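What follows is the residue order along each chain.
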Amino acid sequence: MDARLKPYGVAIIIQLIYTGMFIVSKAAFDHGMSSYVFVFYRQAAGSVLLLPLAFLRNRRTARSMSFMVLLKLFFCALIGVTLSLNLYHVSLKFTSATVASATDNSAPAITFFLALLLRMEHVKLKSWSGIAKLTGVALCVTGVLVIAFYTGPGLSPVNHHRAFASHASGPSPPVANPTRGAWVKWTFLMVVANVAWSLWIVMQAAVLKEYPNKMLVTAVQCVFSTMQSFVVAAVAERDFSRWKLRLDISLLAIFYSGFVVIGAAYYLQAWCVEMKGPVFLAVWTPLCFVFTMFCSSFFLGEIVHLGSILGGVLLVGGFYSVLWGKSKESRIDDGAQEDEQVQHKKHAAKDKEGQDHEMG
């Protein structure tokens, strides 16, 4: 592949990996796997992968973490991983892969809103960038409301003979179609999960300024979340027969989420951001919604409703609006910084010229 085209190919592969995560996770839940047990096994698999890598890569150069840094990482893991993932996956169990993928597009708007409340962001109401940001937040809220309260006609599944048939392999039956009230509740809980994830992004940014080692920070949070998720799963699933792993889609989902998502996708994201910047990677996120909508219909036999499609389109619109506002603001700030540097150089040149004139 041409080196110039490689980042584009990697960006698409990342979205395909996340699409696979939505599909196999939903399939595992349809087969009766507990979402709480799934999160524990997923984080445990991630820890098994990340700890040796973090040790080998940083054994000579990494400085020790202070107690305060470890405490902050513990709460980061609690909010952004344990709370967020458990809410997210139990909501996925009672909604659909399409809804999960669609609500992911609300994360930038939520992150911006939280940063605004914490005074880490600002809005210029009279500028196009400020208007775009606020419009994006409004579109995201509208998109979530549409998904929650409007079902609309359903689109027939692409494949009626689905690859992952939803017969339960354990003692628990597959999830029945939720009522309207349950659908609304789980949709909003999925948004709450995204709020927790967005809060984690803001919190982690602050911790990384104090301890700028992404690999170790990620590995430590993965270990903390594994311990926390075990406690949650032990309380939620006291029947330990539900913890037994079988050679079926549930085991595939655990290994896929633990190794492919946490390992491969995270590495590819870091590489892509380093090559082209975070904005380049972010603009591809809505592609995952399109992939998931098709794959959930093909592999899971899900009926995709018009409400989910319209809500997803609004969320994608809000996503791009916030992204455009941030991008425009960054260009304005960079331009102002360059002007300031030019003016500084001019003043320095004048001062030097004046000194030379006095000496002459």
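Whatever comes next refers back to the structure up there.
Given the structure is predicted, the values throughout are model-derived calculations rather than measurements.

Explain the side chain of Asn86 to me, please; I cannot follow it from the model alone.
Along the chain, Asn86 falls in helix α3 (residues 67–94). Among all residues touching Asn86, those that are not within four sequence positions of it are Ser35, Tyr36, Val39, Val81, Ser229 and Val232.

So what exactly am I meant to see when it comes to the environment of Val123 here?
Counting through the fold element by element, Val123 comes out in the loop between α5 (107–117) and α6 (128–149). Owing to a relative accessible area of 22%, Val123 belongs among the partly exposed residues under this scheme. Considering only alpha carbons, one finds Val123 and Lys133, ten residues apart in sequence, at a separation of 7.9 Å. Not counting chain neighbours up to four residues away, the residues in contact with Val123 comprise Phe112, Leu116, Gly130 and Leu134.

Would you explain the packing of α5 against helix α7 (residues 180–210) in this entry?
If you want to describe how two helices pack, look at the angle between their axes and the distance between the axes. At a closest axis distance of 9 Å, the pairing of α5 and α7 adopts a crossing angle of 55 degrees. Classified by the angle their axes make, α5 and α7 are oblique. Crossing of α5 against α7: the hand is right-handed. Note on element contacts: α7 touches α5 through Val191, Asn194, Val195, Ser198, Leu199, Ile201 and Val202, opposite Ala107, Ile110, Thr111 and Leu114.

How should the side chain of Ser34 be read in this particular structure?
Following the sequence through the fold, Ser34 ends up in the loop between α1 (6–30) and α2 (35–58). Looking at Ser34, its side chain comes within polar contact range of the side chain of Glu237, at 3.1 Å. Contact partners of Ser34, with chain neighbours within four places excluded, come to Phe29, Lys93, Glu237 and Arg242.

What is the right way to look at the pattern of salt bridges in this model?
Side-chain pairs of opposite charge can arise where the charged atoms are in close proximity. Counted under the stated rule, the structure contains three salt bridges. With a closest N to O distance of 2.7 Å, Lys72 and Glu210 form a salt bridge. Of the two residues, Lys72 is situated in helix α3 and Glu210 in helix α7; the sequence distance between them amounts to 138 residues. The exposure class of Lys72 is partly exposed, given its relative accessible area of 34%. The salt bridge partner of Arg242 is Glu237, with a shortest N-O separation of 3.3 Å. Of the two residues examined, Arg242 and Glu237, each falls in the buried class.

Is there a simple way to explain the environment of Cys295 in this structure?
Within the secondary structure layout, Cys295 lies in helix α11 (residues 285–299). With 197 residues separating them along the chain, Cys295 and Thr98 place their C-alpha atoms 9.0 Å apart. With near-sequence residues (within four places) excluded, Cys295 lies in contact with Thr19, Ile23 and Leu300.

Cut-offs applied
- Residues numbered from 1 in each chain as written.
- Predicted model: local features only at pLDDT ≥ 70, side-chain atom pairs only at ≥ 80, totals over all residues.
- Heavy atoms only, no water.
- Helix = DSSP H or I, 4+ residues; strand = E, 2+ residues; numbered from the N terminus.
- Contact = heavy atoms within 4.5 Å.
- Buried < 20%, exposed > 50% of the residue type's maximum accessible area, 1.4 Å probe, protein only.
- Axes fitted to C-alpha atoms, helices over the stretch in contact; angles between N-to-C directions.
- Parallel < 35°, antiparallel > 145°, perpendicular 65-115°, else oblique.
- Left-handed = near helix turned anticlockwise from the far one by under 90°.
- Polar contact = N/O pair within 3.5 Å; in protein donor to acceptor, adjacent residues only side chain to side chain.
- Salt bridge = Lys/Arg side-chain N within 4 Å of Asp/Glu carboxyl O.

Everything listed here is a matter of geometry and, on its own, says nothing about what the molecule does.
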